[in-house]
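Chain and residue survey
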Amino acid sequence: MKKKFVYLLGLLVMAVAVQAQILTPVKWKIQLEDSEFAEKTVTFTATADRGWHIYDMNLPKGGPISTSITYEKLKGVELLGKPVSSVAPSVVRDEQAYPGLELRWYSGTVTFTQKIKVTDPKAFKMVGEVEYMACNDESCLPPEAESFAFDYRHVKKTTQAAEAAPSDTVASEELADGMTQAEGEDAMQALELAPAMHHTTKTAAPDGVLTLRQELWTPVIGDLKSFGDATISATDTSWLYIFLAGFIGGLIALLTPCVWPMIPMTVSFFLKRNKSRQKAIRDALIYGVSIIVIYLTMGLLITGIFGASALNDLSTNAVFNIIFFLLLVLFAVSFFGAFELVLPASWTNKMDSKADSTSGILSIFFMAFTLALVSFSCTGPIIGTLLVEAASQGTSIAPAIGMFGFALALAIPFALFAVFPNLLQNMPKSGGWLNSVKVVLGFLELALALKFLSVADLAYGWRILDREVFLVLWIVIFVLLGIYLLGKLKLKHDSDLPYVSVPRLFMAIISLAFAVYMVPGLWGAPLKAISAFAPPLYTQDFNLYEDEVHAVYDDYEAGMAYAALANKPVLIDFSGYGCVNCRKMEASVWTDPAVKKMIDEKFVLITLIVDDKTKLPAPIIIQESGKERKLKTIGDKWSYLQRHKFGANAQPFYVILDNEGKPLSPSYAFDEDVAKYVGFLENGLRNYQQKGK
């Protein structure tokens with residue numbers, strides 16, 4: 001007897017121990033809010049313990065278990081739209097567990113709201129379960145399910161008769177047993193859905209179909225113009241305005257990082273030219289005219305043959321960017337003194353038997369062509385805007401005028417750079433200091449070359465040059481530059497340095513200080529000064545910075561559907577992996593507390609990457625400018641949306657829309673004035689609220 005008692009006591013202790021190990025970090029409260037109307041609300045409220053979280057719905061394939069609602073039985077009821085969360089999810093990355101995936105989760109308390117319509121109160125029955133997975137920073141629990149059941153007793157207040165199910169809802173008869181709501185809506189893909197009056201939208205079109213909601217793609221160029229939008233073209237735009245717009249665009253292009261590598265290349269190239277002042281001026285004029293001719297011809301040919309989006313395609317093409325990454329590295333190695341770059345004499349001899357004149361012109365033209373190609377990553381979107389402008393003019397002379405203005409603005413300073421080496425050559429005691437200039441330029445070329453590799457890496461998702469890798473390379477480069485300027489590092493053709501001059505000392509201080517400035521970026525500091533060069537913060541694995549703004553949606557129609565249900569205006573952000581000004585806006589404007597708070601709380605942010613190389617499930621055939629074109633990638637689709645709906649092709653491009661896809665204010669382009677951007681957001685929000693009254 002005593003032995004049996006001890007055995008039972010042991011079993012009891014084991015049972016208690018097992019029970020103590022069962023964790024329930026998430027508590028659910030599921031309610032149906034009854035009312036006298038047919039439309040009602042079911043709320044699914046999850047409260048997670050401190051340190052725990054659950055995942056959002058519809059996570060990407062290959063990720064963790066998404067939260068989902070499964071309906072086993074639906075009678076006398078229809079679902080209206082999809083569940084809407086009460087708060088925006090946290091957007092995170094876990095490269096160890098789910099490499100390359102962007103995850104969304106909720107900590108604390110979140111409520112998913114599902115709208116329903118009771119069609120037959122007496123037969124009403126709603127049975128199902130919520131499946132979810134709870135995780136903390138160390139581990140995840142197995143997926144669990146929380147059941148719910150409602151019947152006619154929960155809808156006693158319903159007094160009005162239910163109408164027949166409209167075509168824009170998911171009928172209960174079409175939801176098979178065990179089918180989730182998302183699956184049920186996907187089964188309705190072939191239906192044309194009504195506008196968001198019933199809070200029901202379609203977020204995906206069948207493969208090869210552009211959209212099932214044409215009203216969201218309707219052009220609104222005229223609406224933007226009515227707001228006084230200066231970035232939108234109009235058919236009555238004067239040729240003088242087009243020329244000035246092109247000229248200003250060329251001046252802006254001079255400030256972009258893609259153009260900077262060509263400054264040392266130009267100086268180095270013309271250092272080897274004839275020392276005659278007269279010939280230097282002649283060569284500079286030929287160089288400037290060559291730039292104008294090349295840009296004018298290349299831009300018009302590419303657009304005429306392939307369309308305006310081809311400019312963006314080229315600027316983010318992997319082969320293009322890798323070639324110029326290697327080209328700049330080659331120039332850097334040459335500047336360091338490993339070898340001299342000399343054009344083969346046979347190239348010039350074939351053009352003209354008079355070697356001197358022909359050789360000079362051809363080599364200068366080649367240098368101008370190199371400038372056009374190397375800088376195209378940044379100038380392509382600007383030129384694209386001019387060419388979209390030309391399409392609305394209906395005449396071939398308009399883009400020619402705009403391109404001439406752009407090329408002229410770019411050519412003038414580079415022609416001056418071509419004259420500048422002649423002044424250097426005429427200075428007394430030039431000696432070895434010119435080699436020091438070349439070495440310094442070589443370090444800069446090496447640093448700037450990484451930008452081209454970064455663009456290809458981002459566009460194709462290779463993840464070989466994430467932000468921390470990029471920063472480490474830059475820190476090393478600028479530390480070595482500082483050491484070289486102090487005379488502690490000597491290269492092949494350097495002269496002896498008896499002392500460090502004051503200019504070299506200051507340059508060394510600047511270089512070393514810049515390297516130290518970048519060190520906190522390894523832990524996530526935004527580093528606004530180099531935001532145009534470095535990859536975006538989301539590519540960094542170890543990031544302690546929490547003030548970034550993340551788009552919840554990267555799909556236009558899905559984001560519009562959510563905004564209609566959440567009753568919020570939409571902020572569309574047309575961006576690009578190769579868009580340097582986009583990175584600058586994100587680092588200098590979106591991180592401002594006032595801007596971040598407004599975007600996170602008052603808007604639904606949709607970021608559309610126009611150079612995303614992810615293939616569409618099937619090509620989409622569209623008609624543009626009288627020609628048939630195929631949209632093959634996600635970037636193609638969003639680039640076409642920007643051109644077709646908004647008449648623009650430059651990034652960044654921001655526009656605020658209501659829930660029917662109509663603009664609420666003028667668009668906003670690149671401008672780092674935080675006060676202006678806040679005014680842009682407030683204007684759109686105010687117009688949205690007035691429209692809803």
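Up top is the structure these notes are about.
To keep things clear, this report deals only with the structure shown in the data block. (Residues numbered from 1 in each chain as written. Predicted model: local features only at pLDDT ≥ 70, side-chain atom pairs only at ≥ 80, totals over all residues. Heavy atoms only, no water.)

Our focus in this paragraph is the side chain of threonine 591. Positionally, threonine 591 belongs in the loop between helix 17 (580-588) and helix 18 (593-602). In this structure threonine 591 comes out as buried when scored by relative accessible area, which is 12%. Of note is the side chain of threonine 591, whose polar atom sits 2.6 Å from the backbone oxygen of alanine 587. (Helix = DSSP H or I, 4+ residues; strand = E, 2+ residues; numbered from the N terminus. Buried < 20%, exposed > 50% of the residue type's maximum accessible area, 1.4 Å probe, protein only. Polar contact = N/O pair within 3.5 Å; in protein donor to acceptor, adjacent residues only side chain to side chain.)

Let us look at the sheet that holds strand 7 (residues 102-107). With antiparallel pairing, the 4 strands of this open sheet are ordered in space as 6-7-3-10. The open sheet terminates on both sides in strands that have one partner only, identified here as strand 6 (90-93) and strand 10 (134-135). Relative to strand 10, strand 3 (residues 53-55) runs antiparallel, the two sharing 2 bridges. Its bridge partner being in strand 10, isoleucine 54 is matched across the sheet by alanine 134. (Pairing = 2+ DSSP bridges.)

Our next topic: the packing of aromatic side chains. Scanning all chains against the criterion turns up 25 aromatic pairs. A centroid spacing of 6.3 Å and a plane angle of 55° characterise the contact between tryptophan 474 and phenylalanine 514, whose relative ring orientation is tilted. Separated by 40 residues along the polypeptide, tryptophan 474 in helix 14 (residues 467-485) and phenylalanine 514 in helix 15 (residues 502-518) bring together distant segments of the chain. Residues phenylalanine 646 and phenylalanine 653 carry aromatic rings whose centres are separated by 6.0 Å and whose planes lie at 50° to one another, so their mutual orientation is tilted. An identical accessibility class is assigned to phenylalanine 646 and phenylalanine 653; each is buried. One aromatic cluster is present, built from ring pairs that chain together Phe470, Trp474, Phe478, Phe514 and Tyr517. Stacked on the ring of tyrosine 152, the Lys or Arg arginine 153 has its end atom at 6.0 Å from the ring centre. The ring of tyrosine 484 carries arginine 504 above its face, with NZ or CZ at 5.6 Å from the centroid. (Phe/Tyr/Trp six-rings, centres within 6.5 Å; stacked < 30°, edge-to-face > 60°. Lys NZ or Arg CZ within 6 Å of the ring centre and 35° of its normal.)

Attention now moves to the environment of aspartate 541. Secondary-structure assignment places aspartate 541 in the loop between helix 15 and helix 16 (556-566). When its relative accessible area of 48% is taken as the criterion, aspartate 541 is described as partly exposed. Aspartate 541 sits 447 residues away from aspartate 94 along the chain, and the two C-alpha atoms are 7.9 Å apart.

The next subject is the sheet that holds strand 12 (residues 570-575). One open sheet accounts for 3 strands, arranged 13-12-16; its pairing is mixed. Each end of this open sheet is capped by a strand with a single partner; those strands are strand 13 (604-609) and strand 16 (653-657). Ignoring which end each strand starts from, the neighbouring axes of this sheet average 20° apart. In the sheet, strand 12 pairs with strand 16 via 5 bridges, with the strands oriented antiparallel. Residue pairing for strand 16: leucine 571 is matched across the bridge by isoleucine 656. (Axes fitted to C-alpha atoms, helices over the stretch in contact; angles between N-to-C directions.)

Relative to the assigned elements, lysine 645 resides in helix 19 (residues 634-646). Take lysine 645: its relative accessible area is 0%, and that puts it in the buried class. Put simply, lysine 645 and tryptophan 217 are 428 residues apart on the chain and 6.0 Å apart in space, counted from C-alpha to C-alpha. Contact partners of lysine 645, with chain neighbours within four places excluded, come to Glu215, Leu216, Trp217, Thr218, Pro219, Val220, Ile221, Tyr556, Tyr640, Leu657 and Gly661. For lysine 645, the side chain forms a polar contact with the main-chain oxygen of leucine 216, separated by 3.0 Å. There is a polar contact of 2.9 Å between the side chain of lysine 645 and the backbone oxygen of threonine 218. (Contact = heavy atoms within 4.5 Å.)

This part covers the packing of helix 18 against helix 20 (residues 674-691). Packed helix pairs are characterised by how far apart their axes lie and by the angle those axes make with each other. Between helix 18 and helix 20, whose axes approach to 10 Å, the crossing angle comes to 25°. Here helix 18 lies roughly parallel to helix 20, going by the angle between them. Considering the relative orientation of helix 18 and helix 20, their crossing is left-handed. In this structure, helix 18 contributes Ala594, Val595, Met598, Ile599 and Lys602 to the contact, and helix 20 contributes Val674, Tyr677, Val678, Leu681, Glu682 and Leu685. Counted by class, the contact of helix 18 with helix 20 contains 9 nonpolar, no polar and 2 charged residues. (Parallel < 35°, antiparallel > 145°, perpendicular 65-115°, else oblique. Left-handed = near helix turned anticlockwise from the far one by under 90°. Nonpolar A, V, L, I, M, F, W, Y, C, P; charged D, E, K, R; others polar.)

Turning to the pattern of salt bridges, a few remarks are in order. For the structure shown, the criterion picks out 8 salt bridges. Salt-bridge contacts for glutamate 586 lead to arginine 583; the nearest nitrogen and oxygen are separated by 3.0 Å. Taken as a pair, glutamate 586 and arginine 583 lie in helix 17 at a separation of 3 residues, close to a single helical turn. In this structure glutamate 586 comes out as partly exposed when scored by relative accessible area, which is 23%. What makes arginine 583 buried here is its relative accessible area of 8%. (Salt bridge = Lys/Arg side-chain N within 4 Å of Asp/Glu carboxyl O.)

In terms of nonpolar packing, the biggest core is built from 56 residues, with Tyr287, Ile291, Phe470, Trp474, Phe478 and Ile530 touching the most fellow members. Mapped by element, the contributors of at least two residues to this core are helix 5 (262-271), helix 6 (277-306), helix 8 (318-335), helix 10 (355-374), helix 12 (397-425), helix 13 (433-460), helix 14 and helix 15. By residue number, the principal contributor to this core is helix 13, which donates 10 residues. With sequence-adjacent residues up to four places away left out, phenylalanine 470 is seen in contact with Leu450, Lys451, Leu465, Phe533, Ala534 and Pro535. Counting residues in each nonpolar core, the second largest holds 30 residues, with Met57, Val77, Leu141 and Phe148 among its members. (Core = buried A, V, L, I, M, F, W, Y, C linked by side-chain atoms within 4.5 Å.)

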